[in-house]
Amino acid sequence: MSCALGLLAIWIAVGCTGLRQVVPAPLVFEEQSKEILAIVPLGTPKEEAVRKLTEAGISGEFASSPSIYYCDLWERENGNRWHMNVALLFNEQGELYKTRPAQADVSWQSAAEAAETKQAAE
């Protein structure tokens, strides 16, 4: 019985999402930022920016501070779903003034790998 319910849940999930997988955006941060600024140029008021992004298929959320909006997912017209890495910064007047990466570019290296990387750079 539980196996049947599990299969039913998977079938419903597949049917609802159509197996549309979220993939990292094929654009580097600078290109993602440029695309977003084409939709919401610098100086755009916060409420208008969120509305325009939503209309363009870009969803996100504000951090603990209402001055930083993290663009998380871009549902493209062709059905692709991109994970975005752009944060929008709003000034005290509530206007968009800057973009920055939403997530730091962090990777783990062993001590030996770090030493090799440092030696190769020198």
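Given the structure is predicted, the values throughout are model-derived calculations rather than measurements.

Chemist: Lay out the overall build of the chain in plain terms, naming residues and giving numbers.
Modeler: Helix and strand content of the chain: four helices and five strands. In the chain, the succession of helices and strands from N to C terminus is α-β-α-α-β-β-β-β-α. In the chain, which comprises 122 residues, the share counted as buried stands at 25%. Within the chain, contacts between residues separated by at least 24 positions form 38% of all contacts whose residues are at least 6 apart in sequence. Roughly 8,600 Å² of accessible area belongs to the chain as shown, and the carbon and sulfur atoms make up 57% of that amount.

Chemist: Could you give an account of the packing of aromatic side chains, with specific residues and numbers?
Modeler: In this structure the tally under the stated criterion is three aromatic pairs. Between the aromatic rings of F62 and F90, the centroid separation amounts to 6.3 Å while the plane-to-plane angle is 50°, which identifies the pairing as tilted. Residue F62 is located in strand β2 (residues 58-62), and its partner F90 is located in strand β4 (residues 81-90); the two are separated by 28 residues in the primary sequence. On the accessibility criterion, F62 (32% relative accessible area) is partly exposed. A ring pair is formed by W74 and W82, whose centres lie 5.8 Å apart and whose planes are at 80°; its orientation type is edge-to-face. There is no split in this pair, since W74 and W82 are both buried. Connected via pairs of aromatic rings, a cluster forms that spans F62, Y69 and F90.

Chemist: Give me helix α2 (residues 29-39): which residues, what numbers.
Modeler: Along α2, the residues that are buried comprise F29, Q32, S33 and I36. One face of α2 carries all of its buried residues, which in axial projection span an arc of 100°. Across from the buried face of α2, at angles greater than 90 degrees, the exposed residues are E30, K34 and A38. Where α2 is buried, its residues touch α3 (46-55), β2, β3 (68-75), β4 and β5 (96-101).

Chemist: Kindly report on the environment of N80, identifying the contributing residues and their values.
Modeler: Topologically, N80 is positioned in the loop between β3 and β4. On the basis of relative accessible area, N80 is assigned to the partly exposed category, the value being 37%. Distance in space between the C-alpha atoms of N80 and A25 is 9.6 Å, their sequence separation being 55 residues. In this structure N80 touches W74 and E75, once residues within four positions along its chain are discounted.

Chemist: Go over the nonpolar core with me, naming the residues and quoting the values.
Modeler: Among the nonpolar cores identified, the biggest contains 16 residues, and I36, L53, C71, M84 and L88 are the most heavily contacted of them. Residue assignment for this core shows that the elements contributing at least two residues are α2, α3, β3 and β4. Ignoring any residue separated from it by four or fewer positions in sequence, one finds L53 in contact with I36, I39, V40, I58, Y69, C71 and L88.

Chemist: For the side chain of N85, give the residues involved together with the corresponding values.
Modeler: Residue placement: N85 occurs in strand β4. Look at N85 and you get buried, because its relative accessible area is 19%. A distance of 3.1 Å separates a polar side-chain atom of N85 from the backbone nitrogen of A102. From its side chain, N85 meets the backbone nitrogen of Q103 in a polar contact 2.7 Å long.

Parameters and conventions
Residues numbered from 1 in each chain as written. Predicted model: local features only at pLDDT ≥ 70, side-chain atom pairs only at ≥ 80, totals over all residues. Heavy atoms only, no water. Helix = DSSP H or I, 4+ residues; strand = E, 2+ residues; numbered from the N terminus. Buried < 20%, exposed > 50% of the residue type's maximum accessible area, 1.4 Å probe, protein only. Contact = heavy atoms within 4.5 Å. Areas by Shrake-Rupley, 256 points an atom, 1.4 Å probe, with all protein chains shown as cover. Phe/Tyr/Trp six-rings, centres within 6.5 Å; stacked < 30°, edge-to-face > 60°. Arc of directions from axis to C-beta. Core = buried A, V, L, I, M, F, W, Y, C linked by side-chain atoms within 4.5 Å. Polar contact = N/O pair within 3.5 Å; in protein donor to acceptor, adjacent residues only side chain to side chain.

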